[in-house]
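Coordinate inspection notes
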Amino acid sequence: MEQSKADGIAVYAGSSNNINPLYFEAAEAIGADIARRGLVTVNGGGDMGLMGATINGALAAGGKTVGVLPRFMMDKGWAHPQLTECLVVKDMHERKATMARLSRGVIALPGGIGTFEELTEMMTWRKLGLFKGNVVILNLNGFYDPLLEMFRRAGDEGFMRDGLADVTDDPLEAVALAAR
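Residues numbered from 1 in each chain as written. Predicted model: local features only at pLDDT ≥ 70, side-chain atom pairs only at ≥ 80, totals over all residues. Heavy atoms only, no water.

To continue, consider the environment of Leu 109. Inspection of the secondary structure puts Leu 109 in the loop between strand S5 (103–108) and helix H5 (113–128). A relative accessible area of 0% places Leu 109 in the buried class. Note: C-alpha distance between Leu 109 and Cys 86 (23 residues apart in sequence) is 21 Å. The contacts of Leu 109, once residues within four sequence positions are left out, are Val 11, Tyr 12, Ala 13, Ala 27, Ile 30, Leu 50, Thr 54, Thr 115, Leu 138 and Tyr 144. (Helix = DSSP H or I, 4+ residues; strand = E, 2+ residues; numbered from the N terminus. Buried < 20%, exposed > 50% of the residue type's maximum accessible area, 1.4 Å probe, protein only. Contact = heavy atoms within 4.5 Å.)

Following this line, the structure appears as structure tokens:
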């Protein structure tokens, strides 16, 4: 998994459309900023929710997007129709590994259990040295406050060390931190 100069930023984000419009604005801004930096937006490739908004933002800014979807998601028609590149993989494990391989950093936007799982796996990979890039949590609207408190408690009780992720509430700072 050695990669330090990949040209993508992986964005983990929810696929729900029934959410605060503030999150959509941030997702589009992140996609656009990744494009302005000449980097590629890498995500799960879905057409819905913040995943779709991130892709839309990147495309509107003239950027490139790579969606990584397991075959079963392709079969359900979940792929964004305007992806620059769509990679079809066997399963969710291969999806995460492919996204990491293509990316110099990752950003977790608000999301559900899938986003939480992707975020914590990348923090684990960073701890183990399997991923060399930066992991960034976009704590927009205090969304991640409860999880960050759990991380603090885990650290206080000796289960976890600091430095596995940067945290910001600014979408453009999130991109800057992930791109370092």
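So, on to helix H4 (residues 92–101). When we look at burial in H4, the residues that qualify are Arg 95, Lys 96, Thr 98, Met 99 and Ala 100. Where H4 begins, the capping side chain belongs to Asp 91, and its oxygen is found 3.2 Å from the backbone nitrogen of His 93. (Polar contact = N/O pair within 3.5 Å; in protein donor to acceptor, adjacent residues only side chain to side chain.)

It is worth spelling out unusual backbone geometry at this point. Here the phi dihedral of Asn 141 falls at roughly 60 degrees; this positive angle occurs in a residue that is not glycine. Mapped onto the elements of the fold, Asn 141 is located in the loop between strand S6 (134–138) and helix H6 (145–156).

Attention now goes to the pattern of salt bridges. Scanning the entire structure with this criterion turns up 9 salt bridges. Across the pair Asp 33 and Arg 37 runs a salt bridge whose closest N-O atoms are separated by 3.1 Å. On the accessibility criterion, Asp 33 (9% relative accessible area) is buried. Here Asp 75 and Arg 71 are joined by a salt bridge, their closest N and O atoms 3.5 Å apart. (Salt bridge = Lys/Arg side-chain N within 4 Å of Asp/Glu carboxyl O.)

Our focus in this paragraph is the layout of surface pockets. Estimated volume of the largest pocket: approximately 410 Å³. For the lining of the largest pocket, the element with the most residues is H5, which contributes 5 residues. A class-by-class count of the residues in the lining of the largest pocket yields 11 nonpolar, 8 polar and 5 charged. Each pocket or cavity is described by its volume, and for the second largest pocket that value is around 180 Å³. What lines the second largest pocket is simply Met 123, Leu 148, Phe 151, Arg 152, Gly 155, Met 160, Arg 161, Asp 162, Gly 163, Leu 164, Ala 165 and Val 167. Broken down by element, the residue count for the lining of the second largest pocket peaks at 4 residues, all from H6. For the lining of the second largest pocket, a count of residues per class yields 7 nonpolar, 2 polar and 3 charged. (1 Å grid on protein atoms, 1.4 Å probe; cavity = no way out; pocket = protein on both sides within 12 Å on 5 of 7 lines; lining within 4 Å. Points joined across faces, edges and corners; volume = space filled by probe spheres on them. Nonpolar A, V, L, I, M, F, W, Y, C, P; charged D, E, K, R; others polar.)

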